[in-house]
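This is what each chain is made of:
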Amino acid sequence: MKFNFAYKTLESVPKGYVRVVLTEEARGTKRFVREVGKDGEVLSLEIGAGFLLSANKDKKGGKQDEKAHRKFTLLCRSIVRAAMEQKIKKIAIQFDRTPELFASLQKLTPEAISSRAAQAFEMAGYEHNTFKTKPKDGWHEVEEIALCGASSPSIERAAQRGQMIGQSVNACRELSNTPGGHMTPKVLAEAAKKAAKEAGAGSKLSVKVLGQKEIEKLGMGGVLGIAKGSALEPQFIVMEYWGAAKSEKPVVLVGKGVTFDSGGLNMKPGDHMYEMHMDMSGGAAVIHTLALAAKLKLKANVVGLVPAVENMPGQNAVRPGDILKSMSGKTIEVLNTDAEGRVILADGITYAKKYNPKAVIDVATLTGASLIALGTEASAFMTNDEGKILDIVQAGEKSGDHMWPFPAWEEYEAMVKGNFGDVPNISTDGNSRYGGVIAGGMFLREFAKDLDCLWVHIDMAPRMVSNANEYLAKGAAGAPVRFLFAFIESGVE
């Protein structure tokens, strides 16, 4: 997708572009209009933006709508999706023709608005067409957007930066959308190398992949145990980006890389197993957050760790009741083979300690319970520092990857007291049906307890796939690349 800042008004845009006109009608309203002007026929696409144009007209005393930037993102996405439906290749829009729009976005700078719009346009334009036959008339893509109106070099740079963020989210989505038959642990490792290469020469991003023998040597019993049921060998992906002085402690991201999750011997029901190639979405997010940091030359040190396995019910598969010895030395009592993500992340968190990090953030499609709790609008998170909860929520709001907190209180430790091993992979407090989000986080907390830094656990299962209300293609949503990047960029103390 190309952004064009050459035209100052919609009227100056030449033929070949469809002009987008914002109306005060309801969201989702769209109309393709043909008009005859002095230069012949002019095409326009009317888009309902009443939900945003009226956002600054709060009925409770004129208070500005604090969620207007969410609505602006949806507006931008709806424009691109409507154009794609109409097979429109080029569109032109002039946001400053509607001053009410900017009145509702007063808390955002023009640069922030530009960046957010570019991200939204890119994300809305993505479709997973890799395995489809290309139509004779080509894919229905928006190839160019003319952004008319007042501009400046800083606004244009912000759009380019936002576009790169959107492209990184889409690269994450493409990786997550790849079917399990094509996405193996080794393929995921190669994808990490490719992402680093595409970040450019001299990007300060390196990739190292540990294979079966190296994993065994490190004593990663969690990774090895979950991988046993598959014919595919596990991989442990290590990405390092050193964008600041080596003396500065890095932020370490640990992403779940289960390339397909059958549930193991505790087999999943068939209804949604077809989506379980996306159980490596946390790992994909980590890979492309590192690549994005390198592309944008982020002044920070970031390490990405992705334990990659396939969870299958083969003849050597881990059994319910088995005990695995993790890299930390703690034993894991496997009570349910479908609670496998936390088992491999335990080894990832332990490996992270070798970097003496200033923060460790693990990212995983961990529990169905998080979907029950939050629906599909936000990721769940837990942390060992309650003072950081508001910062995390705000970073989620600012980035567009919304986050919501769950407690990590000591009172919940009873959930992770093993009977025959140190830590059970599902709750043993007699209420295993309850508090599933917290139980998963408390398991990981056992391996993060001795970290002398911030730890954040992100259960991104609610955001694994896009929902019907956000004007994105079906499939992976690309969360939480934007949050991770924004949180690291804001400076983690």
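Residues numbered from 1 in each chain as written. Predicted model: local features only at pLDDT ≥ 70, side-chain atom pairs only at ≥ 80, totals over all residues. Heavy atoms only, no water.

### A closer look at the nonpolar core
Core analysis: the largest hydrophobic core is formed by 54 residues, its most contacted members being L188, L253, I361 and I458. The element best represented in this core is helix α9 (residues 281–295), accounting for nine residues. Leaving out residues up to four positions away in the same chain, I361 has contacts with V251, V252, L253, V254, V456, I458, L484 and F487. Ranked by size, the runner-up nonpolar core spans 48 residues in total, among them I226, V334, Y355 and M415. (Core = buried A, V, L, I, M, F, W, Y, C linked by side-chain atoms within 4.5 Å. Buried < 20%, exposed > 50% of the residue type's maximum accessible area, 1.4 Å probe, protein only. Helix = DSSP H or I, 4+ residues; strand = E, 2+ residues; numbered from the N terminus. Contact = heavy atoms within 4.5 Å.)

### Digging into the packing of aromatic side chains
Going through the model one piece at a time under the given rule, you end up with eight aromatic pairs. A ring pair is formed by F3 and F121, whose centres lie 6.2 Å apart and whose planes are at 65 degrees; its orientation type is edge-to-face. With F3 in strand β1 (residues 2–4) and F121 in helix α4 (residues 110–124), the pair connects residues that are 118 residues apart, well separated along the chain. With relative accessibility at 13%, the residue F3 sits in the buried group. Following the ring pairs from residue to residue traces out a cluster consisting of F236, Y351 and Y355. In this structure, K90 is placed above the aromatic ring of Y17, and the distance from its NZ or CZ to the ring centre is 5.4 Å. The ring of Y355 has K354 lying over it, and the distance from NZ or CZ to the ring centre is 4.6 Å. (Phe/Tyr/Trp six-rings, centres within 6.5 Å; stacked < 30°, edge-to-face > 60°. Lys NZ or Arg CZ within 6 Å of the ring centre and 35° of its normal.)

### Quick look at the sheet that holds strand β13 (residues 331–333)
In space, the three strands of this open sheet follow the order β12-β13-β17, with mixed pairing throughout. Strands with a single pairing partner mark the edges of an open sheet, and in this sheet they are β12 (323–325) and β17 (423–424). Here β12 runs beside β13; their pairing, made up of three bridges, is antiparallel. From the neighbouring strand, K325 faces β13, where its bridge partner is T331. (Pairing = 2+ DSSP bridges.)

### Overview of the pairing of strand β10 (residues 257–261)
Most of β10 sits out of view: five of its five residues are buried. Inspection of the sheet shows β10 paired to strand β11 (residues 301–311) by four bridges, in the parallel sense. Looking at β11, one finds that G257 is bridged to A308.

### A closer look at the side chain of E240
Checked against the element boundaries, E240 lands in strand β8 (residues 235–242). Look at E240: it is buried, it has no salt bridge, and the nearest opposite charge is K354 at 5.4 Å. Separated by 3.2 Å, the side chains of E240 and W242 make a polar contact. A distance of 2.6 Å separates a polar atom in the side chain of E240 from a polar atom in the side chain of Y355. Among residues more than four places away in sequence, those in contact with E240 are K204, L205, S206, V302, V303 and Y355. (Lys, Arg positive; Asp, Glu negative; His and termini not counted. Salt bridge = Lys/Arg side-chain N within 4 Å of Asp/Glu carboxyl O. Polar contact = N/O pair within 3.5 Å; in protein donor to acceptor, adjacent residues only side chain to side chain.)

### Notes on α4
The terminal C-alpha atoms of α4, which comprises 15 residues, lie 21 Å apart, in line with the 21 Å expected from a rise of 1.5 Å per residue. Among the 15 residues of α4, twelve are classified as buried, and the element is accordingly described as predominantly covered. (Expected span 1.5 Å × (residues − 1).)

### As for unusual backbone geometry
That bond from A479 to P480 is cis: its omega, -10 degrees, falls within 30 degrees of zero. You can see P480 is positioned in the loop between β18 (454–459) and α14 (481–489). A positive phi angle, close to 50 degrees, is found at N356, a residue other than glycine. Mapped onto the elements, N356 comes out in the loop between α10 (341–352) and β14 (359–364). One non-glycine residue with positive phi stands out, namely Y471, at about 55 degrees. As for its placement among the helices and strands, Y471 is situated in the loop between β18 and α14.

### Some points on the packing of helix α5 (residues 153–177) against α14
Interaxial distance between α5 and α14 falls to 9 Å at its minimum, and their mutual angle equals 130 degrees. What the angle tells us is that α5 and α14 run oblique. Between α5, through R161, I165, V169 and C172, and α14, the contact on the second element is made entirely by V481, R482, F485 and E489. (Axes fitted to C-alpha atoms, helices over the stretch in contact; angles between N-to-C directions. Parallel < 35°, antiparallel > 145°, perpendicular 65-115°, else oblique.)

### Focus: the pairing of β8
Counting buried residues along β8, seven of its eight residues qualify, which places the element largely inside the surrounding structure. Alignment of β8 against β11, held across eight bridges, turns out to be antiparallel. Looking at β11, one finds that V238 is bridged to L305.

### Description of the environment of A352
Along the polypeptide, A352 turns up in helix α10. With 85 residues separating them along the chain, A352 and V437 place their C-alpha atoms 23 Å apart. Ignoring any residue separated from it by four or fewer positions in sequence, one finds A352 in contact with V252, V254, L305, P357 and V360.

### Here's the deal with the side chain of E397
If you trace the backbone, E397 turns up in helix α12 (residues 389–399). E397 gets classed as buried once you look at its relative accessible area, which sits at 14%. Within the local environment of E397, its side chain forms a polar contact with the side chain of H69, the two groups lying 3.3 Å apart. A distance of 2.7 Å separates the side chain of E397 from the side chain of R70, its partner in a polar contact.

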